[in-house]
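Take a look at the letters that make up each chain.
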Amino acid sequence: MSALSFETLAGPALHPLLPDLARLRITVFRDWPYLYEGDEAYERQYLRAYSEAPGAAVVVCRDGDAVVGAATCEPMTQGHAPVRQAFEAAGLDPAQFCYFGESVLLARYRGQGAGVRFFAEREAHARKLGLRFAAFCAVQRAPDDPRRPSDYKPLDDFWRKRGYTPRPDLVVSFDWKEVGATEETPHALPFWIKDLGA
């Protein structure tokens, strides 16, 4: 395995990577805790929005020429309406926030510093945009869910080390079809927030 390389891309520079990024999201999110039954056509459309939204960027991680990881970010005012609405309902100004949409990395590359780099690059991008806060959400699963792998380790401690604070009072709901399901179901995703000026 060679050293991983990282590049922050935006706009049309993302277009040639959309198929690879779509497959990557489907692969990673199929596992616990998301259990997402992905659709490549939908994924390409979803990711294309990052190439078209002003201020949005994707941090791409490669092993040689192969795309093995990616992390997205965009001004919250450009992103998903349910995210903005959750913040507005809590009395928070979405114009102050950079929304970190996802961070996906193939399992065999974990534990080599890519997660730390994804946060650092996205935070640098947010600061460049003049945004004061960074926020992301993570799916919430019952601790006794029988589908939970015995060796699963939550990322809460990792996120706290990066300076993020959980906000269990601030939750968004997204619908998706889980692996083996026939219909989409709602999923609660609480937010984590960091003050980038602190």
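Okay, so let's go over this structure. This one's a predicted model, so the numbers in the text were calculated from it and none came from an experiment.

Side note on the pattern of salt bridges
Note that side chains of opposite charge can pair when their charged atoms are close. Counting across every chain of the model gives 15 salt bridges. The partner of Arg-30 in a salt bridge is Glu-37, with the nearest N and O atoms 2.9 Å apart. Using a relative accessible area of 26% as the deciding quantity, one classes Glu-37 as partly exposed. In this structure, the salt-bridge partner of Glu-52 is Arg-48, at a minimum N-O distance of 3.6 Å. Taken as a pair, Glu-52 and Arg-48 lie in helix H2 (residues 40–52) at a separation of four residues, close to a single helical turn.

A few points about the state of the cysteines
Evaluation of the coordinates by the stated rule reveals zero disulfides. Looking at the unpaired Cys-61, the closest cysteine sulfur is the one in Cys-73, lying at 15 Å. Taking relative accessible area as the criterion, Cys-61 reaches 0% and is therefore assigned buried. As a non-bridged cysteine, Cys-137 has Cys-98 as the owner of its nearest cysteine sulfur, 13 Å distant.

Re the packing of helix H1 (residues 18–29) against H2
Where H1 meets H2, the closest approach of the two axes is 9 Å, and the angle between their N-to-C directions is 115°. Pair H1 / H2 crosses with right-handed handedness. Here Leu-18, Pro-19, Leu-21, Ala-22, Arg-23, Arg-25 and Ile-26 of H1 come into contact with H2, specifically with Glu-40, Glu-43, Arg-44, Tyr-46, Leu-47 and Arg-48. Class assignment of the residues belonging to the contact of H1 with H2 gives a composition of seven nonpolar, no polar and six charged.

Side note on the side chain of Lys-194
Within the fold, Lys-194 resides in strand S8 (residues 184–195). In this structure the side chain of Lys-194 is engaged in a polar contact, spanning 3.1 Å, whose partner is the side chain of Glu-123. Those residues in contact with Lys-194 that lie beyond four places of it in its chain are Glu-123, Arg-132, Phe-133, Ala-134, Arg-162, Gly-163 and Tyr-164.

Points about the packing of aromatic side chains
Tallied over the full model, the rule gives 18 aromatic pairs. Each ring, one from Phe-119 and one from Phe-158, has its centre 6.0 Å from the other, and the planes form 55°; the classification is tilted. Within this pair, whereas Phe-119 is found in helix H4 (residues 114–128), its partner Phe-158 is found in helix H5 (residues 156–161), the two being separated by 39 residues in sequence. Centre to centre, the rings of Phe-136 and Trp-192 are 6.2 Å apart; their planes meet at 5°, and the pair counts as stacked. One end of the pair, Phe-136, is in strand S6 (residues 133–137); the other, Trp-192, is in strand S8, with 56 residues separating them in the sequence. Residue class for Phe-136 comes out buried when judged on its relative accessible area of 6%. Taken together, Phe-100, Phe-119, Phe-136, Phe-158, Trp-159, Tyr-164 and Trp-192 form an aromatic cluster joined through their ring pairs.

Digging into the side chain of Glu-123
The topology assignment puts Glu-123 in helix H4. Apart from residues no more than four positions distant in its own chain, Glu-123 is found in contact with Phe-100, Arg-162, Tyr-164, Lys-194 and Leu-196.

Focus on unusual backbone geometry
Between Trp-32 and Pro-33 the backbone carries a cis peptide bond, its omega angle lying at 10°. Note on placement: Pro-33 falls in the loop between H1 and H2. Positioned with a positive phi, Leu-35 is a non-glycine residue whose angle comes to about 55°. If you trace the backbone, Leu-35 turns up in the loop between H1 and H2. Leu-35 sits in the buried class, given a relative accessible area of 13%.

Rules of the game
- Residues numbered from 1 in each chain as written.
- Predicted model: local features only at pLDDT ≥ 70, side-chain atom pairs only at ≥ 80, totals over all residues.
- Heavy atoms only, no water.
- Salt bridge = Lys/Arg side-chain N within 4 Å of Asp/Glu carboxyl O.
- Buried < 20%, exposed > 50% of the residue type's maximum accessible area, 1.4 Å probe, protein only.
- Helix = DSSP H or I, 4+ residues; strand = E, 2+ residues; numbered from the N terminus.
- Disulfide = S-S within 2.5 Å.
- Axes fitted to C-alpha atoms, helices over the stretch in contact; angles between N-to-C directions.
- Left-handed = near helix turned anticlockwise from the far one by under 90°.
- Contact = heavy atoms within 4.5 Å.
- Nonpolar A, V, L, I, M, F, W, Y, C, P; charged D, E, K, R; others polar.
- Polar contact = N/O pair within 3.5 Å; in protein donor to acceptor, adjacent residues only side chain to side chain.
- Phe/Tyr/Trp six-rings, centres within 6.5 Å; stacked < 30°, edge-to-face > 60°.

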